[in-house]
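Tertiary structure, described
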Amino acid sequence: MNRRSAAGPLLAVLVTLAAGVAAARAPLSEDPVVWYAADDAPVPVPEFAEPGLIPYAVDSFLARPFSRFWNPGRLCRRIGTGDSARDAGDINALDEVVDSAWFTNRMGVRHLDHGELVAGPAFGLPTADGPDRSAPWIIVGAKTAGVTPGFRIRDARGDTWLLKFDPPSHPGMTIRAGVITNLLFHAIGYHTPVDRLVDFDRADLRVGEGASMKMGRLGDVPLTEANLDSILVATNSVFGGRYQALASRYLDGIPVGPFDDQDVRSDDPNDLVKHENRRTLRALQVFGAWVNHFDTKMHNSLDMYVGEPGAGHVVHHLIDFASTLGAYGDTPVRRFGYEAGIDVFPSLGRFVTLGLVEDTWVALERPEGLDEIGLFDVATFEPDRWTPDLPHSAMANLNRRDGYWAAKVVSAFSDRDLRLLVEQGRYEDPAAAEFMIATLAGRRDKIVRYWFGHVPPLDFFRSEGGAVVCSDLAVERGYAAPGRRYRWRLVAADAERAARAPGSWIVTDAPRLPLAGVVPARDDAFPFLGCEVQYDAGSGWSGSTTAWFARDGRCVAVDR
């Protein structure tokens with residue numbers, strides 16, 4: 001058999017497999033839609049585990065991409081659906097993420113009021129104002145290694161906080177970015193620590209008994225009031241005569257190490273969905289792009305065991321957002337967010353073209369005169385090409401539906417919301433704050449337009465006043481002009497979506513279809529009503545979104 005004749009049967013097999021992958025959907029059910037994951041059952045306390053950065057990086061750059069490349073299931077899915085990754089495992093029938101030990105729906109399903117938005121994880125708690133100031137903060141430990149020093153302090157409430165400063169060459173840059181991005185990620189739905197911007201005087205600090213500091217190769221040495229003074233002088237984080245720092249409260253519970261972006265935690269019986277199949281982790285590709293959170297390695301996460309040993313469970317957190325919004329360590333690196341640390345194809349392209357074709361990031365510059373702003377802009381930002389510094393297994397599995405869901409959440413942040421968040425960074429220069437608000441809004445708009453252009457933004461289906469109604473998020477949130485047309489067709493179906501002949505298309509001028517006289521007959525064999533809808537903005541009909549309704553009028557599933 002020659003190669004050409006062999007290709008035919010092989011292609012037929014791949015197409016058949018791909019069709020099966022594309023058709024895979026959970027059966028329809030008249031049961032209530034699931035919104036909560038049962039992942040808080042009591043489990044034993046896992047052992048603390050933190051793999052080294054070098055082995056993790058080698059695995060991320062070599063072994064994991066190689067495994068994805070040679071996975072035949074990914075090829076079959078790409079042929080069938082256009083996406084190489086399977087559907088996420090932490091979503092419900094409405095294509096929404098469920099609340100879990102990983103994520104709590106916030107801006108995606110409801111708008112946060114001013115107080116909750118700016119307080120973040122400290123909403124309703126005394127920690128919303130940062131460390132207690134009724135007595136001096138007691139330093140229980142310090143470090144001098146790395147780009148910036150830091151202190152562990154204990155306040156009068158007994159809470160432990162980490163005080164982090166800016167790099168001396170960039171005062172005001174990383175601490176403001178860390179506070180803003182922490183609040184933004186909490187508003188999205190992630191579990192984060194309480195991070196607040198604080199200012200203080202030298203008199204607000206006291207060295208605790210037995211406190212030590214880490215000094216690189218010297219290891220731990222006693223911390224004294226004298227060397228505390230020298231550390232503070234080196235920070236260069238003084239504004240208006242007072243020191244400024246980011247205060248990050250230690251998380252409640254027992255730390256058990258970071259979570260990986262692949263597989264599950266084998267010592268946590270509640271962790272049943274592989275991390276690369278969690279939409280909440282895949283969507284970091286979109287959320288990370290928004291704020292240029294390029295440093296999304298596993299070591300910037302932390303699992304905490306919450307509750308009494310044997311009666312508690314593991315909660316998964318994202319931590320350390322200081323390298324975002326264009327901020328960096330001591331030395332600016334333009335490629336962050338544009339290329340991975342080891343990126344073969346861009347490097348090969350520069351070699352082949354002898355450097356005559358410039359990369360996009362070469363044009364990236366800090367805004368003139370705004371010392372608190374790093375390398376962050378709208379002009380060079382391309383949502384579909386953003387890249388973390390280390391390859392991330394979950395981000396690599398982002399599919400169209402994951403990307404649309406993330407963009408829907410991003411679109412829920414209004415300009416006013418962004419202003420409130422940026423105000424918590426307390427920029428000294430009002431022009432820096434205005435720049436940050438405009439840049440976050442511009443990057444938001446690029447993200448939303450990209451994903452709304454790939455998946456019809458028709459959402460939140462419901463029965464209302466004798467009609468099927470949905471929200472056209474592009475129109476409602478200002479990304480498309482009013483005046484679109486919509487067309488609908490209805491069908492009766494069984495739990496497997498096998499249907500009677502669909503009705504004719506019905507065109508409306510609003511995302512609303514009155515049901516009087518058009519609903520197909522339903523019975524015990526075909527109890528579900530399928531409602532397929534498309535929109536036309538003047539250039540032809542979009543792809544379809546189908547909502548499925550039970551006989552009591554509830555929307556029980558959405559297919560995109």
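Residues numbered from 1 in each chain as written. Predicted model: local features only at pLDDT ≥ 70, side-chain atom pairs only at ≥ 80, totals over all residues. Heavy atoms only, no water.

1. With respect to the overall build of the chain
Put simply, the test is: Labels follow the DSSP assignment, with helices taken as runs of H or I lasting at least four residues and strands as runs of E lasting at least two, numbered in each case from the N terminus. For each residue, the accessible area found with a 1.4 Å probe, counting protein chains only, is set against the maximum for its type, and the residue is called buried under 20%, exposed over 50%, and partly exposed in between. In this description, contact between two residues means that some pair of their heavy atoms is separated by no more than 4.5 Å. With residues, only the protein chains shown are counted as cover, and all accessible areas are computed by Shrake-Rupley using a 1.4 Å probe.
Regarding its fold elements, the chain presents 13 helices and 19 strands. Based on the C-alpha atoms only, the size of the chain along its principal axes is roughly 85 × 60 × 50 Å. Residue burial in the chain is summarised as follows: out of 560 residues, 51% are buried. Sequence-distant contacts in the chain: of pairs separated by 6 or more residues, those separated by 24 or more amount to 72%. Summed over all atoms, the accessible surface of the chain reaches about 25000 Å², with 58% contributed by carbon and sulfur.

2. So, the side chain of S542
You can see S542 is positioned in the loop between β17 (528–536) and β18 (545–549). Discounting residues that sit within four places of it in the chain, S542 has contacts with P456, Q534 and Y535.

3. Thoughts on the packing of aromatic side chains
The following threshold applies: Any two of the Phe, Tyr and Trp rings considered here, Trp counted by its six-membered ring, make a pair once their centres fall within 6.5 Å; the pair's planes then place it as stacked at under 30 degrees, edge-to-face at over 60, or tilted in between.
Under the counting rule described, the total for this entry stands at 16 aromatic pairs. Taking 6.3 Å as the distance between ring centres and 65° as the angle between the ring planes, the aromatic pair formed by F165 and F200 counts as edge-to-face. Linking F165 in the loop between β3 (160–164) and α5 (174–188) with F200 in strand β4 (residues 195–200), this pair joins segments that are 35 residues apart in sequence. By relative accessible area, F200 is classed as buried at 0%. Centre to centre, the rings of W290 and F413 are 5.4 Å apart; their planes meet at 65°, and the pair counts as edge-to-face. In this pair, W290 sits in helix α8 (residues 284–291) while F413 sits in the loop between α10 (400–411) and α11 (415–423), placing the two residues 123 residues apart along the sequence. An identical accessibility class is assigned to W290 and F413; each is buried. The rings of F103, F185, Y190, F287, F321 and W405 are connected pair by pair, giving a single aromatic cluster.

4. Examining the nonpolar core
How we decide: What we call a nonpolar core is a set of buried Ala, Val, Leu, Ile, Met, Phe, Trp, Tyr and Cys residues that are connected through their side-chain atoms within 4.5 Å.
By size, the foremost hydrophobic cluster in this structure holds 76 residues, and its most contacted members are F185, Y190, F287, W290, F413 and L440. Of all elements in the fold, only α4 (114–119), α5, α8, α10, α11, α12 (430–452) and α13 (473–476) reach the threshold of two or more residues within this core. The element contributing the most residues to this core is α12, with ten residues. Ignoring any residue separated from it by four or fewer positions in sequence, one finds F413 in contact with M107, L184, A187, I188, W290, L418, L421 and R444. By size, the runner-up hydrophobic cluster in this structure holds 25 residues, among which are A122, L228, A245 and A247.

5. Notes on the layout of surface pockets
Going by this rule: Think of a 1 Å grid over just the protein atoms. A cavity is a set of points where a 1.4 Å probe fits yet cannot get out, a pocket is an open set with protein on both sides within 12 Å along at least five of seven lines, and lining residues have an atom within 4 Å of a point. Grid points are joined across faces, edges and corners, and a volume is the space filled by probe spheres set on the points.
The calculated volume of the second largest pocket comes to roughly 1200 Å³. Residue lining of the second largest pocket: 40 residues in total, with K143, L162, K164, I319 and D320 positioned closest to the centre. Those elements giving two or more residues to the lining of the second largest pocket turn out to be β1 (137–143), β2 (150–154), β3, α5, β5 (205–214), β8 (242–249) and β10 (301–306).

6. Notes on a nonpolar patch on the surface
Basically, it comes down to this: Note that patches include only residues with greater than 30% relative accessible area and no salt bridge, and the join distances are 9 Å for like charges and 5 Å for nonpolar side chains (Val, Leu, Ile, Met, Phe, Trp, Tyr). What makes a salt bridge here is a side-chain nitrogen of Lys or Arg within 4 Å of a carboxyl oxygen of Asp or Glu, nothing more.
Side chains of W35, Y36 and V109 sit close together on the surface and give an oily, nonpolar patch of about 320 Å² of accessible area. As for its position among the elements, W35 is in the loop between α1 (3–23) and α2 (53–69). For W35, a relative accessible area of 30% gives the class partly exposed.

7. Some thoughts on the sheet that holds strand β11 (residues 313–318)
Where we set the bar: Any two strands between which DSSP finds at least two bridges are classified as paired. In this description, a line fitted to the C-alpha atoms serves as the axis of each element, helices being fitted only across the stretch in contact, and the angle between N-to-C directions of two axes falls anywhere from 0 to 180 degrees.
One open sheet accounts for three strands, arranged β9-β10-β11; its pairing is antiparallel. Only two strands of the sheet have a single partner each, and these edge strands are β9 (254–257) and β11. The average angle at which neighbouring strand axes cross in this sheet is 35°, direction not considered. Relative to β11, β10 is paired through six bridges, and the arrangement is antiparallel. What sits directly across from Y305, in β11, is V314.

8. A closer look at the pattern of salt bridges
In total, this model carries 47 salt bridges according to the counting rule given. Salt-bridge contacts for D199 lead to R133; the nearest nitrogen and oxygen are separated by 3.9 Å. Note that D199 is positioned in strand β4 and R133 in the loop between α4 and β1, a separation of 66 residues in sequence. Given a relative accessible area of 42%, R133 falls into the partly exposed group. D199 is the salt-bridge partner of R242, the closest N and O atoms lying 3.5 Å from each other. Taken together, the residues span a long stretch of sequence, with R242 in strand β8 and D199 in strand β4 at a distance of 43 residues.

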